[in-house]
Amino acid sequence: MWTLALWIACKTEPEVAPGPDLVTPPAAGTAIAGTIVDEASLFGGVAAEGRVGDVLIANAVARFVVQGVREGSYYIPEGGGVIDADVQRPAGAPGRDVVDEWMPILGVGRVVEPSLVEIVADGLDGGPAVVRVYGEEVALGLVEGALEAPGFVPAVGVDVVTTYTLAPDVPLLKVETTVTAQRDTVVAIGDVMLPAPEGGWIFTEGRGFDGGVDSRVDVLAVLGQQGDIAVALLPASTTPLETGPAATLAAITPLIGGYAPAATLTAGQTATHARFYGVASSLSAITDAALTAQATPSQTVEGQVTAPDGPVAGAWVHVAVDGTPWSMARTDAEGRFTALAPADGAVTVRALGEASGLSVDLATGSGRTGPYAAAAANAATRATYTGADLAALPEGRGLASLQAPLSLGVPATLTVEAGDGLPFTFWVRCADAPEDRVWVPGHVGGRSATGFARDGAVTLQVTAPPEGVACDWVAHRGMRFEAQSGTTTLLAGQASTLQVALPAAYAHPGWLLGDPHSHAAPSGDADIPMEDRLITEAAAGVQLHFGTDHDHVVDYTPLLAPLGLAEVLGTVVADEVSPPLRGHFNLWPLLSDPAAPDGGAWLWWIDIPTSTEGMIDTLRARHGDLPILQSNHPTDKGVASAAGWEPGVVDDPSRFTTRMEATEVINSGTVGDYLDFFLDLTSRGSRVAPVGVSDAHGWLDGHVGLSSTFFHVDLDAPGALLPETLAATTRAGEVIASRGVFLDLSPNPGFTLQPGASVTVTAKSPSWIRVDRLRLLRDGTEVASVDGTSATFVLQTEADAVFHIVAEGDAPMAPVDDRTPWAITGSYWVDADGGGYTSPRTPLPTSR
């Protein structure tokens, strides 16, 4: 024994061959694969989520991250798929990952749960890098969770092995999935990619940007909105991909997907599907490589894009086959491009010199952070906000004509300045021709150009003819400030400056304006980055941003100071819990856990609820009693419609709750049945606060800054607000849900008063918003109305009752908004008998 012990003590560990250097980009002619041990190997972007322990497979031009055997941070948490993709970039350049998830799928609803992610070849021998994933099929949780139907997606009955192979110097990752039948079965092997809509536009062969897709295609792609990245799914052979099964999934969330034809297998039989995942700085670089790899006969198309001011660098060029979109090239510094197209079609080209018309007050081409990107990658991205300009898509040059397909125009440059240096919103609308969404991604809001200033100035590039065009413009900061509008003439090639003055319209000491429902990059259906969401909220006069992203708990705070917004905007950590069959609920304020998937959000599609009350019990156990539970759009896919609510009636108590502490009465500027639901709740004794929200998912939707909530928090500095103060204020009901109006009240709502108590109210608004009357509601019914903007209401009642004050206007809030002003206070509770407020009406039923 002592001899054995001595041998063990003296034994040295065997030498382990070092893996490849994953931090330094591979040299030309090489490819590498390895397990990530250093965050410096990772890259950023709006959808980046790679972590230490995942696998990097890369060459000199492209890099991919394959998720390890761990839970991911988006709706398909299973590992083994590609979660990040980017081109190789110079040191310090921001990453541009636009892939949330990209993975094999079997039929409509089966994905792969990996048991092993193996590096088969690390590339150090000079050959391709190879990674293999072994796993078994599992149901797509998002489908079964959304339907609350475990077992709804039947098993296919196969074992699955997927091999990723990356050769040197090509932008194509070859993906081969082999399934082995456990029994007689039919299986369609394919891929599903959930792209980041805030970072890219979906582009499909034959349909371009119009959002459609044909049943059989060769190119399914996402083009980065800043122009310098494209990702694409393509067949590895000349057989097109089939898209039919993906259409069902696309009804749940935006995605692209393509399949091999369904295979009929007997027990023990195998089937293999090979295809390419591509990433490059242009789509044509991917399609060129695919045509070569497929040995598809091709033809070369090339040219130079010019404008009156010279060659146009960085422009997109449509490569069309038989008149329909095939691919897109991008011009070099001299405006030149070269691309391949299939040889059996007539090829035409058409240059594009515009995209969204957006200008956000950051350095041109600056990066955008991702909620789950590595800390170092996000730090490098934040450094680009005010750094040197990077390459970006041209704006204001238009779409080339069919007669001169490689000739673009010269933009008119308009700089707008506000002397006080504060954020503001600006847009301009000219007499432009309607856009063809096949060829152009589409200007935001249909406007010629839109700008958001974060420090008092913003510059826009606008499409204009040489002879000039008359353009209407609007500058505003939301409901707390005066607005300006006018007309200006813009000429191609001319730079002009416009000075605007947007002074505060009134004071509201102790009240902060918040937007307790808005979305950005973490939400799968939002098309705006996190940075841009903060800028747009500040530019619309909002003082409290709430990051209520679908099923994610993300803290936006680290972005405020680098963006220069910390003095004017605060942010509240939140989550929109989004089970479709129970309605959506916001929960705020929360704490984000950066180490947890989804920031610590409850994954309802995995832990499927059996009752709404049980769901709330789960949320309280997870997040505690501090957060406010807010019912979102209650009568439109919310808790009221889910439970079959009508005033005084609930058809399905198991889908209902009265435990919400806030409910939306204004969503995206709409009131409607939301108000009826709120009044029914409060007339039955529910201590629920009314809130107005934008529910914005993009740059201009939701009426940001005009569909909001005032919170009485006894301070004026957003950054000083404590979560406990915000929650207490809301629970007390010291709020005003507003579409354009502030109500100066004495006393404030939220308190219990005696009969005969009076409330004095004055409606305040800028000159472009006019209030025509004030109304007093008792238990939801009008009992008094006063024309004008000031009134004193006496709260008369013989029984316990709840009162609200409503402000209304008859004229639209022009020129900023086409809706009329409206606002409602939180509740005034009147205790008629001195025994404490008790509603005389029966509470709505629940299953609790």
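Residues numbered from 1 in each chain as written. Predicted model: local features only at pLDDT ≥ 70, side-chain atom pairs only at ≥ 80, totals over all residues. Heavy atoms only, no water.

### Digging into the sheet that holds strand 32 (residues 457–462)
If you trace the 3 strands from one edge of the open sheet to the other, you get 32-29-35, paired in mixed fashion. Because the sheet does not close on itself, it has two edges, and the strands there are strand 32 and strand 35 (495–500). With strand direction ignored, the average angle separating the axes of adjacent strands in the sheet is 20 degrees. In this sheet, strand 35 lies alongside strand 29 (residues 412–418) in parallel orientation, the contact comprising 6 bridges. (Pairing = 2+ DSSP bridges. Helix = DSSP H or I, 4+ residues; strand = E, 2+ residues; numbered from the N terminus. Axes fitted to C-alpha atoms, helices over the stretch in contact; angles between N-to-C directions.)

### Some thoughts on helix 8 (residues 612–623)
The first and last C-alpha atoms of helix 8 sit 16 Å apart over 12 residues, in line with the 16 Å expected at 1.5 Å per residue. Listing the buried residues of helix 8 in full gives Thr612, Glu613, Met615, Ile616, Leu619, Arg620 and His623. One side of helix 8 holds all its buried residues, which, seen down the axis, span an arc of 155 degrees. Elements in contact with the buried residues of helix 8: strand 39 (575–577), strand 40 (585–588), strand 41 (628–631) and helix 11 (723–732). Once helix 8 finishes, Gly624 follows within two positions and takes phi at roughly 85 degrees, a positive value. (Expected span 1.5 Å × (residues − 1). Buried < 20%, exposed > 50% of the residue type's maximum accessible area, 1.4 Å probe, protein only. Arc of directions from axis to C-beta. Contact = heavy atoms within 4.5 Å.)

### A short note on the sheet that holds strand 39
By way of backbone hydrogen bonds, the strands of a sheet pair with one another, either parallel or antiparallel. Read across the open sheet, the 5 strands follow the order 39-40-41-44-45; overall the sheet is mixed. Only two strands of the sheet have a single neighbouring strand rather than two, namely strand 39 and strand 45 (689–693). Each strand axis lies, on average, 35 degrees off the axis of its neighbour in the sheet, ignoring direction. As judged from the 4 bridges shared by strand 40 and strand 41, these two strands associate in the antiparallel manner. The residue of strand 41 that forms the bridge with Phe585 is Ser631. Against the sheet, helix 8 touches strand 39, strand 40 and strand 41, its axis set at about 20 degrees to strand 40. On the sheet, helix 10 (residues 673–683) packs against strand 41, strand 44 (662–667) and strand 45 and is oriented at approximately 155 degrees with respect to strand 44.

### A short note on the packing of aromatic side chains
The full count for this structure, using the stated rule, is 18 aromatic pairs. Geometrically, the ring pair formed by Trp604 and Trp605 is edge-to-face, given 5.2 Å between the ring centres and 80 degrees between the ring planes. The residues Trp604 and Trp605 share a single accessibility class, namely buried. Taken together, the aromatic side chains of Trp201, Phe203, Phe209 and Trp316 make up a single cluster linked through ring pairs. Over the face of the ring belonging to Trp427 we find Arg447, whose NZ or CZ atom lies 3.7 Å from the ring centre. A cation sits over an aromatic face here: Arg687 above Trp829, 4.2 Å from the ring centre. (Phe/Tyr/Trp six-rings, centres within 6.5 Å; stacked < 30°, edge-to-face > 60°. Lys NZ or Arg CZ within 6 Å of the ring centre and 35° of its normal.)

### Here's the deal with unusual backbone geometry
With an omega dihedral of -5 degrees, the bond running from Trp588 to Pro589 counts as a cis peptide bond. Note on placement: Pro589 falls in the loop between strand 40 and helix 8. Cis geometry is found at the peptide bond from Ala814 to Pro815, where omega equals 5 degrees. The residue Pro815 is located in the loop between strand 54 (801–808) and strand 55 (822–825) in this model. You will see that Asp169, though not glycine, has its phi angle at about 65 degrees, which is positive. Within the secondary structure, Asp169 is located in the loop between strand 8 (158–166) and strand 9 (172–181). A positive phi angle, near 30 degrees, is found at His633, a position not held by glycine.

### Regarding the pairing of strand 12 (residues 200–204)
Looking along a regular strand, one sees the side chains alternate between the two faces of the sheet. Across the 5 residues of strand 12, 4 count as buried, placing the element largely inside the fold. In this structure, strand 12 lies alongside strand 14 (residues 220–224), joined through 5 bridges in antiparallel fashion. Within strand 14, the residue paired with Trp201 across the bridge is Leu223.

### Examining the environment of Gly648
Note on placement: Gly648 falls in the loop between strand 42 (645–646) and strand 43 (649–650). Residue class for Gly648 comes out partly exposed when judged on its relative accessible area of 33%. With 193 residues separating them along the chain, Gly648 and Arg841 place their C-alpha atoms 8.9 Å apart. Those residues within four positions of Gly648 in sequence are excluded, and the remaining contacts are Asp680, Arg684 and Leu844.

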